[in-house]
Amino acid sequence: MIEKLVANAFFLGQFLRSPGKIGSICPSGRFLTQALAQAALEKTNGLQGLIVDLGAGSGVVSRELLKSGVAPERILAVDISGRFREIFRKHCVGLELHTGDARNLEDLINEYNPALPLQAVISSLPLRVMPGRLVSEIMSETRKVLRRRGGVLIQYTYAFWLHSALGPYGFMIEKRRFVPVNIPPALVEKYIPQ
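Because the structure is predicted, anything quoted here is derived from the model rather than measured. (Residues numbered from 1 in each chain as written. Predicted model: local features only at pLDDT ≥ 70, side-chain atom pairs only at ≥ 80, totals over all residues. Heavy atoms only, no water.)

**Notes on the sheet that holds strand β3 (residues 97-99)**
What the seven strands build is an open sheet, ordered β3-β2-β1-β4-β5-β7-β6; its pairing is mixed. Each end of this open sheet is capped by a strand with a single partner; those strands are β3 and β6 (171-179). Sheet twist, expressed as the average angle between the axes of neighbouring strands with direction ignored, equals 25°. In the packing of helix α4 (residues 60-67) onto the sheet, contacts are made with β1 (50-54), β2 (75-79) and β4 (118-123), and the angle to β2 comes to roughly 170°. (Pairing = 2+ DSSP bridges. Helix = DSSP H or I, 4+ residues; strand = E, 2+ residues; numbered from the N terminus. Axes fitted to C-alpha atoms, helices over the stretch in contact; angles between N-to-C directions. Contact = heavy atoms within 4.5 Å.)

**Some words on the pairing of β1**
The buried fraction of β1 amounts to five of the five residues, a majority that puts the element mostly inside the structure. Of the two faces of β1, the one carrying Leu-50, Val-52 and Leu-54 and the one carrying Ile-51 and Asp-53 are both buried. Sheet topology note: the β1/β4 ladder contains five bridges and is parallel. Bridge assignment links Leu-54 to a residue of β4, and that residue is Ser-123. In this structure, β1 lies alongside β2, joined through four bridges in parallel fashion. Note on β2: the bridge partner recorded for Val-52 is Leu-76. Chirality of the crossover, the property in question, places the unit of β1, α4 and β2 among those that are right-handed. (Buried < 20%, exposed > 50% of the residue type's maximum accessible area, 1.4 Å probe, protein only. Right-handed = clockwise from strand over helix to strand, strands pointing away.)

**Some remarks on the side chain of Glu-106**
Mapped onto the elements, Glu-106 comes out in helix α6 (residues 105-112). Here the side chain of Glu-106 touches Arg-149 through a polar contact of 2.9 Å, side chain to side chain. Not counting the four nearest positions on each side in its chain, Glu-106 is found in contact with Glu-141, Val-145, Arg-148 and Arg-149. (Polar contact = N/O pair within 3.5 Å; in protein donor to acceptor, adjacent residues only side chain to side chain.)

**Observations concerning the nonpolar core**
Judged by nonpolar contacts, the single largest core of 28 residues is most densely connected at Leu-32, Leu-36, Leu-65, Ile-122, Ile-154 and Val-188. Of all elements in the fold, only α3 (30-41), α4, β2, β4, β5 (152-157) and β7 (186-193) reach the threshold of two or more residues within this core. Among the elements that make up this core, the one with the highest residue count is α3 (six residues). Leave out the neighbours within four places in its chain, and Val-188 touches Leu-32, Ala-35, Leu-36, Ala-39, Ile-154, Gln-155, Tyr-156, Lys-175, Arg-176, Arg-177 and Val-179. Counting residues in hydrophobic clusters, the runner-up holds 24 residues, among them Leu-116, Leu-125, Leu-146 and Leu-153. (Core = buried A, V, L, I, M, F, W, Y, C linked by side-chain atoms within 4.5 Å.)

**Topic: the pattern of salt bridges**
By the definition in use, this model includes 14 salt bridges. A salt bridge links Glu-174 to Lys-190; its shortest N-O distance comes to 3.7 Å. Linking Glu-174 in strand β6 with Lys-190 in strand β7, this pair joins segments that are 16 residues apart in sequence. Residue classification places Glu-174 among the partly exposed positions, given a relative accessible area of 44%. Through salt bridges with shared partners, one network takes in Glu-42, Glu-174, Lys-175 and Lys-190. (Salt bridge = Lys/Arg side-chain N within 4 Å of Asp/Glu carboxyl O.)

**Looking at the environment of Ala-120**
Position of Ala-120 relative to the elements: it lies in strand β4. Once the C-alpha coordinates of Ala-120 and Gly-151 are considered, the two residues, 31 residues apart in sequence, prove to be 4.9 Å apart. Contacts of Ala-120, omitting those with residues within four sequence positions, involve Ala-40, Leu-50, Ile-51, Val-52, Val-152 and Ile-154.

**Digging into the packing of α6 against helix α7 (residues 132-149)**
Two elements in contact, α6 and α7, have axes separated by 8 Å at closest approach and are oriented at 50°. Compared by their axis directions, α6 and α7 come out oblique. In contact with Leu-105, Glu-106, Ile-109 and Asn-110 of α6, α7 contributes Glu-141, Thr-142, Val-145, Arg-148 and Arg-149. Here the contact of α6 with α7 is built from residues that sort into three nonpolar, two polar and four charged. (Parallel < 35°, antiparallel > 145°, perpendicular 65-115°, else oblique. Nonpolar A, V, L, I, M, F, W, Y, C, P; charged D, E, K, R; others polar.)

The following block contains the structure:
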């Protein structure tokens, strides 16, 4: 319990320091991380591919993937900053947090395991508060990678009342799931590139 409070306090401090990079005052809750993992693992037709955790932060999504039975070598956890590394290691024993930029997704995958097919990219990036040009560059790279390697994009938003923001970037919604038991409530959206 104390470890969770320390992690949450650290997360809040990082948010106050860089709200445009963190995007939330606390890590995603249990029900949201379960919905994200479920979206990445459903209807895979037996594919045991790579799952990229973009904006991995303190590791709550990667930890849920591990709890769901995903082998550590199939998880590429990436964050723009190494500030969460120690907390991540405590949450995700056996996994490494890779420091990298989502605009270089192809390179990050190639450095990690280029032979493994891509199953999903789970994005915890705060797209609605990031500069438009940056979002455009990230989505362009993500779309290119998914079209080339296969897989789906899973993004969540707290602005669940708004229409999808990723249509203009060449993505089509395959499935949506509302997660009311989260602070704040969230919407998990599963996309395929057009």
